[in-house]
Amino acid sequence: MGYWVARPYWNRGICSEALRLLIDYFFNVKGFRTLWADFFPDNPASGKVMEKCGFRDTGDINYCSRLQLGSDRPVKIMRQMTWFRRMERSGVPIHWIDGTLPLEEKATLICNDK
């Protein structure tokens, strides 16, 4: 997911709300167990949005050659598993896509250039 918000709309929670909806969709509808995200270090506001939505800094930095703009710039890698762990602890059944592996284990990351 990528996003851009015009300055007059900053600090209104628009990105946080959109990201929460996406997180809910990927965990509840698609069955993902882990979500990965990244942001440019010179844009800490994006990282703060991710942190507010449960993502945690992995300490990893990567380059994403598939980006149209910015492929030569490093990105900080974030990970989100809090929803999955909360559901697992509560005893709520976790949905598997076809009874074998969760979708997350079948998918590859968009930015896996390490």
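Right above here is the structure, for reference.
Described in the following lines is the structure provided in the data block. (Residues numbered from 1 in each chain as written. Predicted model: local features only at pLDDT ≥ 70, side-chain atom pairs only at ≥ 80, totals over all residues. Heavy atoms only, no water.)

Counted by the stated rule, this structure contains 2 salt bridges. Its salt-bridge partner being Asp42, residue Arg73 comes within 2.7 Å of it at the nearest N-O pair. Note that Arg73 is positioned in the loop between strand S2 (56-63) and strand S3 (74-80) and Asp42 in the loop between strand S1 (35-39) and helix H2 (44-52), a separation of 31 residues in sequence. A salt bridge links Lys76 to Asp57; the shortest N-O distance between them is 3.0 Å. Pair noted here: Lys76 is in strand S3 and Asp57 is in strand S2, with a separation of 19 residues, a long-range link. (Salt bridge = Lys/Arg side-chain N within 4 Å of Asp/Glu carboxyl O. Helix = DSSP H or I, 4+ residues; strand = E, 2+ residues; numbered from the N terminus.)

This part is about the environment of Lys48. When you line up the elements, Lys48 lands in helix H2. Accessibility expressed as a relative area gives 55% for Lys48, which makes it exposed. Lys48 sits 32 residues away from Ser16 along the chain, and the two C-alpha atoms are 9.2 Å apart. (Buried < 20%, exposed > 50% of the residue type's maximum accessible area, 1.4 Å probe, protein only.)

Our focus in this paragraph is the pairing of S1. Only one face of S1 is covered, namely the face carrying Leu35, Ala37 and Phe39; the face carrying Trp36 and Asp38 is uncovered. Note that S1 and S3 share 5 bridges and pair antiparallel. Bridge assignment links Asp38 to a residue of S3, and that residue is Ile77. (Pairing = 2+ DSSP bridges.)

One pass over the structure, following the stated rule, counts 2 aromatic pairs. Arranged with centres 5.4 Å apart and planes meeting at 70°, the rings of Tyr25 and Phe26 form a pair that is edge-to-face. Taken together, a centroid distance of 5.1 Å and an interplanar angle of 50° make the contact between Phe26 and Phe32 tilted. Of note, Arg73 hangs over the ring of Phe40, and the distance from its end group to the ring centre comes to 3.9 Å. (Phe/Tyr/Trp six-rings, centres within 6.5 Å; stacked < 30°, edge-to-face > 60°. Lys NZ or Arg CZ within 6 Å of the ring centre and 35° of its normal.)

A word on the environment of Pro44. With respect to the helices, strands and loops of the structure, Pro44 is situated in helix H2. In this structure the C-alpha to C-alpha distance between Pro44 and Lys76, which are 32 residues apart in sequence, comes to 9.9 Å.

Turning our eyes to something else, we now look at the side chain of Ser16. Tracing the sequence through the fold places Ser16 in helix H1 (residues 14-28). Relative accessible area serves as the criterion here: at 3%, Ser16 is assigned to the buried category. A polar contact of 3.3 Å, which involves the side chain of Ser16, links it to the side chain of Lys52. Residues within four places of Ser16 in sequence aside, it is in contact with Val49, Lys52 and Cys53. (Polar contact = N/O pair within 3.5 Å; in protein donor to acceptor, adjacent residues only side chain to side chain. Contact = heavy atoms within 4.5 Å.)

It is worth spelling out the side chain of Ser46 at this point. Looking at the element boundaries, Ser46 is found in helix H2. If we ignore the near neighbours within four places in the chain, the residues touching Ser46 are Tyr3 and Phe39.

Glancing now at the packing of H1 against H2. The interhelical angle for the contact between H1 and H2, taken along N-to-C directions, is 45°, at an axis separation of 9 Å. When the axis of H1 is compared with that of H2, the two are oblique. Here H1 runs over H2; the crossing is right-handed. Contacts from Cys15, Ser16, Leu19 and Arg20 in H1 reach Val49, Met50 and Lys52 in H2. (Axes fitted to C-alpha atoms, helices over the stretch in contact; angles between N-to-C directions. Parallel < 35°, antiparallel > 145°, perpendicular 65-115°, else oblique. Left-handed = near helix turned anticlockwise from the far one by under 90°.)

These results come straight from atomic positions and should not be treated as a statement about function.
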